[in-house]
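Observations on the model geometry
Okay, here's what each chain looks like letter by letter:
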Amino acid sequence: MRQVVPWLVRVCVGFARACVLVGVTMVVPAVWAIAAVVWIWWGGNPWSLFAPVVLAAIGTFALARPVCRMIRYFVARWTGTVIPGGYLEPAPVTQMSTGYWWNGRSYSPTQKEAKEDQELANLWRDPATWRDLRFLEIAPFAIGLPAAIPPAGIALAILAFIEPSGLTILLGALGVIAAIAVSPYAWRTTEPVAIRFLRPSQEQLLAERVDELTAQRADSTVAQAAEIRRIERDLHDGAQARLVALGLALATAEKLMETNPEQAKALMREARAGAATSLTELRELVQGINPPVLNERGLIDAVRALALDSPLAVTVSADTRLTLDPPIESALYFAVAELLTNTTKHAHATSVRITFTRSPVPDEDRKGAALVVEVSDDGKGGATARKGGGLEGLQRRLAVFDGGCEIASPPGGPTTVRMVVPCESL
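Throughout what follows, the structure given in this document is the object of discussion. All figures in this text were calculated on a predicted structure; none of them were measured in a lab. (Residues numbered from 1 in each chain as written. Predicted model: local features only at pLDDT ≥ 70, side-chain atom pairs only at ≥ 80, totals over all residues. Heavy atoms only, no water.)

Section: the pattern of salt bridges
Under the counting rule described, the total for this entry stands at 3 salt bridges. In this structure, the salt-bridge partner of Asp-301 is Arg-304, at a minimum N-O distance of 3.4 Å. In this pair, Asp-301 and Arg-304 are both assigned in helix H12 (residues 299-308), 3 residues apart and thus about one turn of the helix distant. The partly exposed category is assigned to Asp-301, whose relative accessible area is 26%. Residue classification places Arg-304 among the partly exposed residues on the basis of a relative accessible area of 36%. Linking Arg-418 and Glu-374 is a salt bridge whose minimum nitrogen-to-oxygen distance equals 3.3 Å. Of this pair, Arg-418 sits in strand S8 (residues 415-423) while Glu-374 sits in strand S6 (residues 369-377), and the two are 44 residues apart along the sequence. Since its relative accessible area comes to 30%, Arg-418 is described here as partly exposed. (Salt bridge = Lys/Arg side-chain N within 4 Å of Asp/Glu carboxyl O. Helix = DSSP H or I, 4+ residues; strand = E, 2+ residues; numbered from the N terminus. Buried < 20%, exposed > 50% of the residue type's maximum accessible area, 1.4 Å probe, protein only.)

Re the sheet that holds strand S1 (residues 94-95)
Pairing in this open sheet of 3 strands is antiparallel, and the strands run S1-S2-S3 from one edge to the other. In the strand order of this sheet, the two ends are held by S1 and strand S3 (107-108), each with one partner. Bridge count for strand S2 (residues 101-102) against S3 is 2 bridges, and the pairing is antiparallel. What sits directly across from Trp-102, in S3, is Tyr-107. (Pairing = 2+ DSSP bridges.)

With respect to the environment of Ser-310
As for its placement among the helices and strands, Ser-310 is situated in the loop between H12 and strand S4 (313-318). In this structure Ser-310 comes out as buried when scored by relative accessible area, which is 13%. With 34 residues separating them along the chain, Ser-310 and Thr-344 place their C-alpha atoms 8.0 Å apart.

Looking at the side chain of Ser-409
Its location among the elements puts Ser-409 in the loop between strand S7 (404-408) and S8. In this structure Ser-409 comes out as buried when scored by relative accessible area, which is 12%. In this view, Ser-409 contacts Gly-381, Gly-382, Ala-383, Pro-414 and Thr-415; residues no more than four positions away in its chain are not counted. (Contact = heavy atoms within 4.5 Å.)

Functional significance is not addressed by these values, which are geometric in nature.
The following block contains the structure:
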């Protein structure tokens, strides 16, 4: 009985998936079948063929992208294999001083018209569009026909029940047997066919990677310039000003040493206090660049030290020993620090849990290990990666190391931020 129940579940799930695939992959053949029926209804002469063919072609072109997106969605949901779309990303639409909107190729009087013109142009010149159309030619035969076996078998059984006879009962029984036997496997051609025909070409993937690296380099340059300005500002406004005041106090004390020793001693005490304050500020500034505890004790202990300074109840756990490159350690440390700061300021949380785990790299083209860092709190939720915000900047910084950041924060909480960074040295 324990083996029968899972098998029945597989049959039911497979039958449902097969029916879904038949509906999705056969929609374009259905459009052409309707066009053929209309042509025959109009008389079937060659002069009446033009309009149905044009309408069917337009329908096929309009359905290509939605159908392929549905196939990618089903493959990802059923098998866990993510097939990137590889569609051209639209260029930003900018309003000019004349009031017209520039979309990268033409001017339009409104932003909506500029975006529509851009989408139409991208649709025609995007290689992914023609890849989708090619897939629509193959999908009915490679996916639709195998998936149609279970529903066809059930249809035969229904016909045998409506008009029972020796032949129909035999066909119905064979149809039920075929449906039950094939259902768990009828939908499985979807994954290899979709990967073969819907996956972007290597040239396109390389071009997208070059664009991504170019954007990351620009972000890194901006971030480094901002960090240099921050260090200069902190040195100029803090330690430098105190050291200048310290020098003036020592010069004044030197002049007063013979005429007013008591005042000179007071100035020396103030100078010593100023030197101690300057030393503290310099230490804090250096710690902001690269915390000493990170170099001395590693990422996990550095995060534990960070948790001790938090007003929240922070729990840090790790199931692996880490040996990471210093840039990755620094990026993850400051990412966790930023998340803790955001939680303290905005989440109204009482506790935070930080976990470090090791997992395979979530990319079938790459091998190795990935470090997964999850920061969860019991706050009010609602955190999103807004453009120009801290969470979006965190995502960009991790992308430099081929990492990613997923945010799950429904209204009412809880909030979980999951950071994944590939690390060969794990």
